[in-house]
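Structural description and commentary
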Amino acid sequence: HTMLAIAVADLAIQMDSAWPNAVQMLFERFGQNPEKYATLLEVLRMLPEENMNYKLMTDTAKRASSRERLQQTAPQVVQFLLTLQCPSMHAKKKVFECFLSWIKFTNLQAGEMSQNPILPECFKNVTEGGELSEIATDIIIEVLRMSSLDLKFFQPVIQVILSMLPPLCAKLEAQLSQGVENALESDADGILQICRIYVETGECLVPLIMEQSRNEEVLNILRVILRCTDLPRQEISSIPFEFWHRLANEVCRHPETDAKIDQFQGIYVELLSVMIRRCTVSPNEDPFQADDDCTHYRQRLLNLAEDCLEILTPNSALEHLLKSLQDGQRQGVVVQEAHFFCLSSIGAKAEVRGDSVLWQLIQSLPPLISKPVDDATTEGTILHFTKKTAIELLGHLSKWLKTRPEFLRSALEMISSLLLQSAPPGSPNHIVERVKQVQQSASIAFKEICYAGRSQLPDLVPQLTQLYVSTMALPIRMHLFIVDGIGAVVAPLKQDDAFRSGLEQLVMPLVNGIQSEREKPQVLSEILDRLTTIIRQIQVQDGSAKACCVGTLISNGVWPVVRQTLEWHPSDSKVVEKSCRLLKHSMRCVPDLFKPLVPAVASTLVPAFQSHQHSSYLYSAEILANTYASDAEIVPVLTSLFHQLSTHALQCLVNAREHLETITELVEDFYGMFERYLRYAPMIVLEAPTLPPTLQLWHDVIFVQQ
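Overview of the structure. (Residues numbered from 1 in each chain as written. Predicted model: local features only at pLDDT ≥ 70, side-chain atom pairs only at ≥ 80, totals over all residues. Heavy atoms only, no water.)

Describing the overall build of the protein chain
For the record, the criterion: A run of H or I in DSSP becomes a helix once it reaches four residues, and a run of E becomes a strand once it reaches two; helices and strands are each numbered from the N terminus. Values of the radius of gyration come from C-alpha atoms, whereas the globule rule sets the reference at 2.2 Å times the count of residues to the power 0.38. Relative accessibility thresholds used throughout: buried, under 20% of the residue-type maximum; exposed, over 50%; partly exposed, between the two (1.4 Å probe, protein chains only). In what follows, residue pairs with any heavy atoms lying within 4.5 Å of each other are defined as contacts. Positive charges come from Lys and Arg alone, negative charges from Asp and Glu alone, with His and the N- and C-terminal ends not counted. For charged residues, the charge sits on one atom: NZ in Lys, CZ in Arg, CG in Asp, CD in Glu.
For the protein chain, the count of helices and strands is 36 helices and zero strands. Since a compact globule built from 706 residues should have a radius of gyration of about 27 Å, the 33 Å found for the protein chain marks it as more spread out than a globular shape. Its C-alpha atoms give the protein chain principal-axis dimensions of roughly 90 × 75 × 55 Å. Of all 706 residues assigned to the protein chain, the portion counted as buried reaches 52%. The contacts in the protein chain between residues at least 6 apart in sequence include a share of 74% that link residues at least 24 apart. If the 61 positive side-chain charges of the protein chain are averaged to one point and the 82 negative ones to another, these points end up 2 Å apart.

As structure tokens, this is what we get:
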């Protein structure tokens with residue numbers, strides 16, 4: 001039945017001017033007999049929906065033409081819906097669905113809408129609950145969205161809606177008075193519907209809220225939305241997040257910002273408290289096994305905290321948060337963890353103050369993190385998770401730590417010890433996973449602290465490089481953070497000897513590791529990643545002793561192992577990509593000292609690409625052109641490299657002309673190489689014999705989609 005209705009609606013759109021009176025004809029055919037109303041309602045519902053369905057294959061002119069005709073018939077359709085006598089809930093639902101379809105499609109006149117009996121009937125259905133409450137909520141939401149387009153024009157409609165909100169508020173209060181959990185258990189859908197209506201009302205009336213922030217009616221809307229935000233059901237409490245964000249932005253962008261901020265501070269202080277409560281993990285569940293939805297929800301709550309900062313300022317919000325933590329100490333470790341989690345966002349943005357209570361908290365974190373836990377108990381699991389959050393908090397407070405070297409070193413020492421720990425032998429998988437999660441957080445915090453305190457840590461380079469070697473067995477995703485952090489300390493070292501020693505201690509274990517792990521391409525890829533992380537941090541002045549040190553290390557250490565790696569695993573795309581990426585950062589780091597290696601690099605790329613058509617080889621040729629196209633001594637090398645690579649790559653594309661979508665990366669980097677050479681060495685391309693056939697092939701490749 002529905003598919004036939006869709007077919008009729010599509011036919012009306014496709015016939016366009018050949019069937020200009022489709023709606024009138026439908027009324028004549030099906031509108032005279034109540035037994036045919038169901039069919040008429042189904043087709044009427046589909047007409048606007050299909051007009052807005054861009055999967056329907058029709059041209060823009062027909063779509064626009066049918067839209068105009070349908071909009072002209074909207075009053076007739078709405079009037080028909082109002083006259084229907086519905087003998088059953090099912091029939092009434094059909095009417096509501098049809099009405100919803102049309103108000104989504106076209107805006108009705110404000111006077112007509114304010115007097116439309118369907119609107120109060122929808123509120124009645126939401127208040128009473130039942131089968132029609134969901135579709136009734138959708139209609140109210142759509143009317144509010146329509147009204148938000150022009151508040152002045154739709155003022156009569158808004159007044160009607162505001163007059164109908166109190167029964168919904170009373171229903172919500174009555175349900176919650178029996179206990180929040182009981183209310184959600186008995187009528188979660190009804191509470192969700194009320195939340196949706198109030199939030200949509202708030203979003204619609206943001207300008208009115210700004211103007212009348214002390215109006216009791218406005219304040220009541222905000223209170224209900226705040227109450228909904230505080231409900232322990234993610235599906236409901238997350239609905240208002242966007243409203244709070246929009247309201248905060250609106251408050252802060254007004255010219256009279258200070259006065260407006262003062263008026264809204266109270267509500268955002270309450271919202272901050274709500275955020276803390278909603279961040280609190282369940283004391284009866286393992287937070288280490290939380291699903292992605294839960295993790296995403298907590299992250300969105302941190303975004304909500306940033307909205308609070310817009311109104312309260314970071315330092316004011318920090319004071320509220322610290323006082324809340326102090327007041328909630330006796331409520332258990334889950335409350336403590338929630339505060340730590342919120343502080344990771346708010347504390348990081350607050351101004352560092354020597355007299356802040358936060359220092360007492362920072363001082364207490366290392367002992368807490370070092371405290372042993374019993375993972376066999378639920379309480380121990382929560383404490384372990386709290387330690388993980390405390391570690392993350394230390395990382396986010398790195399700008400505070402760097403102002404007090406003793407705190408900085410204490411935190412770094414404690415985190416380093418965690419990175420060296422491992423799960424006890426024979427531990428079950430969930431315990432091993434917990435240790436991994438804690439170490440992942442520790443590695444990120446380690447990096448953040450090293451970055452923030454790099455100027456105060458040069459004397460610790462020997463210990464840091466020892467830690468770097470000792471943690472080499474950690475998963476690559478963790479160890480890269482450690483490499484990055486230590487590299488941040490070594491790279492800016494001022495003394496040449498200390499710089500050379502530190503850099504060698506970072507690079508040489510990896511170079512030697514490539515030799516010993518030559519049969520393991522996955523391990524080689526990870527080593528290459530570490531080398532890239534180190535090299536890309538280094539910035540040296542041309543001709544300096546540090547530059548010479550880096551150039552020597554690349555020439556005698558990095559380049560030989562890259563060439564060997566490509567010889568050992570020429571068919572492994574991951575190894576090739578990592579090798580070429582390391583070459584890119586090496587030549588960018590010391591281009592003048594890398595220059596003598598360019599002929600050898602070019603002579604390696606050509607046969608390698610001829611054997612295995614990895615697009616990374618073409619990208620490496622791009623970077624060579626980008627770096628050395630202005631060097632007359634290197635131009636002949638680049639010319640030969642371009643001709644050989646483009647000839648072989650072009651042949652590959654021609655051979656794959658019928659299925660280019662299977663080699664999209666090669667297509668992209670082939671034309672990327674042409675574009676880069678045209679930009680930096682145009683004569684190489686213009687004189688290349690591969691240019692004409694490459695341009696001819698363009699007509700095929702332009703339609704290739706990745």
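Regarding the packing of aromatic side chains
Put simply, the test is: When the centres of two rings from Phe, Tyr and Trp lie within 6.5 Å, Trp using its six-membered ring, the rings pair. Their planes under 30 degrees apart give stacked, over 60 give edge-to-face, and anything left gives tilted. Criterion for a charge above a ring: Lys NZ or Arg CZ within 6 Å of the ring centre, and within 35 degrees of the ring normal.
A complete count under the given rule lists 15 aromatic pairs for this structure. Residues Phe241 and Tyr297 carry aromatic rings whose centres are separated by 6.0 Å and whose planes lie at 25° to one another, so their mutual orientation is stacked. Here Tyr297 lies in helix α16 (residues 292-312) and Phe241 lies in helix α14 (residues 241-252), a separation of 56 residues in the sequence. Here Phe241 matches Tyr297 in class, with each residue buried. In textbook terms, an aromatic cluster arises when at least three aromatic residues are bridged by ring pairs, as seen for Phe642, Phe670, Tyr671, Phe674 and Tyr677. Note that Arg404 overlies the ring of Phe407, its terminal NZ or CZ placed 5.7 Å from the centroid. For the cation-ring pair, Lys447 lies above Tyr451, with the distance from its terminal atom to the ring centre recorded as 5.5 Å.

A few points about a nonpolar patch on the surface
Quick note on the threshold: Patch membership requires over 30% relative accessible area and the absence of a salt bridge. Like charges are linked within 9 Å, and nonpolar side chains (Val, Leu, Ile, Met, Phe, Trp, Tyr) within 5 Å. For the area figures, the Shrake-Rupley method with a 1.4 Å probe applies, and any residue is considered shielded solely by the protein chains shown. Any Lys or Arg side-chain nitrogen found within 4 Å of a carboxyl oxygen on Asp or Glu counts as a salt bridge.
Side chains of Leu678, Met683 and Leu686 sit close together on the surface and give an oily, nonpolar patch of about 290 Å² of accessible area. As for its position among the elements, Met683 is in helix α35 (residues 682-686). Residue Met683 is classed as partly exposed on the basis of its relative accessible area, which comes to 48%.

Quick look at helix α28 (residues 545-568)
Here is the rule we go by: How far a helix is expected to stretch is found by multiplying one less than its residue total by 1.5 Å. Two axes enter the definition of the bend at a residue: one is fitted to the seven residues ending there, the other to the seven starting there, and the bend is the angle between them.
With 24 residues, α28 extends 34 Å from end C-alpha to end C-alpha; this agrees with the ideal 34 Å at 1.5 Å per step. Within α28, the axis deviates most sharply at Ile554, by approximately 40°.

As for the pattern of salt bridges
All told, the structure shown has 35 salt bridges when counted by the stated rule. A salt bridge links Glu42 to Arg45; its shortest N-O distance comes to 2.8 Å. Of this pair, Glu42 and Arg45 are both found in helix α3 (residues 37-51), three residues apart, which corresponds to roughly one turn of the helix. A residue is classified by how much of its surface remains accessible, and Glu42, at 2% relative accessible area, is buried. The buried category is assigned to Arg45, whose relative accessible area is 16%.

Looking at the layout of surface pockets
The following threshold applies: Only protein atoms enter the 1 Å grid used here. Points where a 1.4 Å probe fits but cannot escape make up a cavity, open sets with protein on both sides within 12 Å along at least five of seven lines make up a pocket, and a residue lines them when an atom lies within 4 Å of a point. Grid points are joined across faces, edges and corners, and a volume is the space filled by probe spheres set on the points. Residues are sorted three ways: Asp, Glu, Lys and Arg are charged, Ala, Val, Leu, Ile, Met, Phe, Trp, Tyr, Cys and Pro are nonpolar, and all the rest, Gly among them, are polar.
By volume, the largest pocket is sized at about 1,000 Å³. Along the walls of the largest pocket sit 37 residues, with Ala290, Cys294, Thr295, Arg298 and Phe385 positioned nearest its centre. Each residue belonging to the lining of the largest pocket can be placed in one class, and the counts come to 14 nonpolar, 13 polar and ten charged. As a volume, the second largest pocket reaches approximately 310 Å³. Lining of the second largest pocket is provided by 18 residues; of these, His384, Lys387, Leu418, Gln421 and Val435 occupy positions nearest its centre. Contributions of two or more residues to the lining of the second largest pocket are made by α19 (358-370), α20 (378-396), α22 (405-420) and α23 (429-452). Partitioned by chemical class, the residues of the lining of the second largest pocket number nine nonpolar, six polar and three charged.

A few points about unusual backbone geometry
Phi at Asp16 takes a positive value of approximately 55°, unusual for a residue other than glycine. Relative to the assigned elements, Asp16 resides in the loop between α1 (2-15) and α2 (22-30).

Points about the packing of helix α33 (residues 635-655) against helix α34 (residues 664-680)
The axes of two packed helices give the description: the angle between them and the distance between them. Definition in use: For helices, the fitted axis covers only the stretch in contact; all axes are lines through C-alpha atoms, and the angles between them, taken along N-to-C directions, range from 0 to 180 degrees. Here the angle decides the label: under 35 degrees means roughly parallel, over 145 means roughly antiparallel, 65 to 115 means roughly perpendicular, and every other value means oblique. In this scheme, a crossing is called left-handed if the near helix is turned counterclockwise away from the far one by less than a right angle; it is called right-handed if the turn is clockwise.
One way to put it is that α33 packs onto α34 with a least axis distance of 11 Å and a crossing angle of 150°. Judged on the interaxial angle alone, α34 and α33 are roughly antiparallel. Between α33 and α34 lies a crossing whose hand is left-handed. On α34, the residues that touch Leu638, Leu641, Phe642, Leu645, Ser646, Ala649, Leu650, Cys652 and Leu653 of α33 are Leu666, Val667, Phe670, Tyr671, Met673, Phe674 and Tyr677. For the contact of α33 with α34, the class distribution of residues is 15 nonpolar, one polar and no charged.

Topic: the nonpolar core
The following threshold applies: Definition of nonpolar core: a set of buried residues of the types Ala, Val, Leu, Ile, Met, Phe, Trp, Tyr and Cys, connected through side-chain atoms within 4.5 Å.
Core analysis: the biggest nonpolar cluster contains 244 residues, and Leu44, Trp244, Leu247, Phe264, Tyr268, Phe446 and Tyr677 have the highest contact counts within it. Setting aside residues no more than four positions away along its own chain, Phe446 makes contact with Leu412, Ile415, Ser416, Leu419, Leu464, Leu467, Ile482 and Ile486.

Regarding the side chain of Gln193
Position of Gln193 relative to the elements: it lies in helix α10 (residues 180-204). Its relative accessible area of 3% is what places Gln193 among the buried residues. Here Gln193 is in contact with Val126, Ser133, Glu134 and Thr137, once residues within four sequence places are set aside.

Description of the environment of Met508
Take Met508: it is sitting in helix α26 (residues 496-516). The class for Met508 is partly exposed, based on a relative accessible area of 29%. As a C-alpha pair, Met508 and Val558 span 50 residues in sequence and 9.0 Å in three-dimensional space.

Here's the deal with the side chain of Thr694
For Thr694, the location among the structural elements is in helix α36 (residues 691-701). The contact partners of Thr694, leaving out residues within four places of it in the chain, are Leu650, Phe670, Tyr671 and Phe674.

Overview of helix α27 (residues 521-535)
Helix length check: α27, at 15 residues, gives a terminal C-alpha distance of 21 Å against a target of 21 Å (1.5 Å per residue), a fit within 8%. Of all 15 residues in α27, twelve are buried, a share of seventy percent or more. Those residues of α27 that sit buried are Leu524, Ser525, Glu526, Ile527, Leu528, Asp529, Arg530, Leu531, Thr532, Thr533, Ile534 and Ile535. Packing partners of the buried residues in α27 comprise α24 (461-470), α25 (476-490), α26, α28 and α29 (573-589).

Considerations on the environment of Leu419
Along the chain, Leu419 falls in helix α22. For Leu419, a relative accessible area of 2% translates into the label buried. Taking the C-alpha atoms as reference, Leu419 lies 44 Å from Ile225; in sequence the two are 194 residues apart. Residues within four places of Leu419 in sequence aside, it is in contact with Gln439, Ala442, Ser443, Phe446, Leu467, Thr471, Leu474 and Ile482.

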